[in-house]
Amino acid sequence: FPFMSSELVQESGILYGVNKSNNSLVILDRFSLHNANSITFAQSGAGKSYTTKVEILRQLMQGTRVIVIDPEREYKRLTESVDGTYIKLSARSKQKINPFDLATTFHKITDLSEHTQDLTEVIGLMAEGLSSREKAAVDKAIITIYKKSKKNAHPLLEDLYTELRKLGQMKLCEKLEKYISGSLAEVFNSQTNI
């Protein structure tokens with residue numbers, strides 16, 4: 001006693017609130033920390049959505065690119081208000097996303113091995129997890145289809161699927177079937193048009 005309370009201020013950060021112990025502003029740059037991830041927990045009606053939307057707006061003002069996965073469609077108005085792109089994922093949607101474009105949306109492919117790792121993670125999410133053997137097969141298949149692809153065109157998910165079948169990965173192919181010929185084929189098995 002007395003307790004000392006330091007200020008939480010980083011010049012490149014955004015305003016998160018007020019430090020109750022000394023009434024100073026809390027201004028943080030999450031992306032300068034070792035891990036920029038965050039998660040928000042609170043009871044219903046406590047302001048989680050509001051807080052997240054305010055943080056998104058402040059991050060956009062700093063030039064941060066923001067991607068929101070929004071199954072409840074509560075960020076549509078916010079997206080429109082900042083001239084963002086809102087993608088409705090459904091079989092009837094005219095919007096298409098080629099998973100092979102995801103890692104190159106913001107950056108050109110300069111390192112195929114890094115791009116392959118990113119794509120393996122995306123395929124892992126789509127397949128709801130990959131075993132070590134499946135990761136190795138996906139890695140090999142991605143490298144193969146990129147070697148076969150035309151210079152300016154990204155491969156499609158069906159190209160990966162075909163290569164995985166050649167490698168005998170039938171269980172993994174079953175997991176990806178809905179994206180190739182099932183309910184989500186119209187969304188994910190085409191060249192990106194947004």
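As the structure is a prediction and not an experimental result, all values here were calculated from the model. (Residues numbered from 1 in each chain as written. Predicted model: local features only at pLDDT ≥ 70, side-chain atom pairs only at ≥ 80, totals over all residues. Heavy atoms only, no water.)

Each helix and strand counted, the protein chain has eight helices and three strands in total. Each helix and strand of the protein chain, ordered N terminal to C terminal, gives the series β-β-β-α-α-α-α-α-α-α-α. Since a compact globule built from 194 residues should have a radius of gyration of about 16 Å, the 21 Å found for the protein chain marks it as more spread out than a globular shape. Seen through its C-alpha atoms, the protein chain measures out along the principal axes to roughly 70 × 35 × 35 Å. (Helix = DSSP H or I, 4+ residues; strand = E, 2+ residues; numbered from the N terminus. Rg over C-alpha atoms; globule rule 2.2 N^0.38 Å.)

Applying the stated rule across the entire model yields two aromatic pairs. A centroid spacing of 5.6 Å and a plane angle of 80° characterise the contact between Tyr179 and Phe188, whose relative ring orientation is edge-to-face. Between the NZ or CZ atom of Lys53 and the centre of the ring of Tyr75, over which it lies, the distance is 5.1 Å. (Phe/Tyr/Trp six-rings, centres within 6.5 Å; stacked < 30°, edge-to-face > 60°. Lys NZ or Arg CZ within 6 Å of the ring centre and 35° of its normal.)

Right, let's get into helix α1 (residues 48-61). Here α1 is 14 residues long and its end C-alpha atoms lie 20 Å apart, about the 20 Å a rise of 1.5 Å per residue gives. Along α1, the residues that are buried comprise Glu55, Ile56 and Gln59. Taken down its axis, α1 places every buried residue within 105° of arc, on the same side. The exposed set on the far side of α1, more than 90 degrees from its buried face, consists of Tyr50 and Met61. Each element contacted by the buried residues of α1 is listed here: β2 (14-19) and α2 (76-81). Looking at the residues trailing α1, positive phi occurs at Gly63, about 90°. (Expected span 1.5 Å × (residues − 1). Buried < 20%, exposed > 50% of the residue type's maximum accessible area, 1.4 Å probe, protein only. Arc of directions from axis to C-beta. Contact = heavy atoms within 4.5 Å.)

So, about the pattern of salt bridges. Counted by the stated rule, this structure contains six salt bridges. A salt bridge links Lys96 to Glu186; the nearest nitrogen and oxygen atoms lie 3.8 Å apart. With Lys96 in the loop between α2 and α3 (99-102) and Glu186 in helix α8 (residues 185-188), this pair connects stretches of sequence that are 90 residues apart. Overall, Lys96 belongs to the buried group, its relative accessible area being 14%. For Glu186, a relative accessible area of 45% puts it in the partly exposed group. In this structure, Lys148 and Glu163 form a salt bridge, with 3.2 Å as the shortest nitrogen-oxygen distance. (Salt bridge = Lys/Arg side-chain N within 4 Å of Asp/Glu carboxyl O.)

Our next topic: the nonpolar core. By size, the foremost hydrophobic cluster in this structure holds 25 residues, and its most contacted members are Phe100, Met126, Leu157, Leu160, Leu164 and Leu176. Only α4 (112-126), α5 (132-148), α6 (157-166), α7 (170-180) and α8 provide two or more residues apiece to this core. Ranked by residues supplied to this core, first place goes to α5 with six residues. Residues in contact with Phe100, not counting those within four places in the same chain, are His115, Leu119, Ile142, Ile145, Tyr146, His154, Pro155, Leu156, Leu157 and Leu160. (Core = buried A, V, L, I, M, F, W, Y, C linked by side-chain atoms within 4.5 Å.)

Turning to the packing of α6 against α7, a few remarks are in order. Geometry of a packed helix pair, given as the angle between the helix axes and the separation of the axes. Where α6 meets α7, the closest approach of the two axes is 10 Å, and the angle between their N-to-C directions is 160°. Regarding the angle of α6 to α7, the classification is roughly antiparallel. Remark: the crossing between α6 and α7 carries left-handed chirality. Contacts from Leu157, Glu158, Tyr161, Leu164 and Arg165 in α6 reach Met170, Leu172, Cys173, Leu176, Glu177, Tyr179 and Ile180 in α7. Among the residues forming the contact of α6 with α7, the class breakdown is nine nonpolar, no polar and three charged. (Axes fitted to C-alpha atoms, helices over the stretch in contact; angles between N-to-C directions. Parallel < 35°, antiparallel > 145°, perpendicular 65-115°, else oblique. Left-handed = near helix turned anticlockwise from the far one by under 90°. Nonpolar A, V, L, I, M, F, W, Y, C, P; charged D, E, K, R; others polar.)

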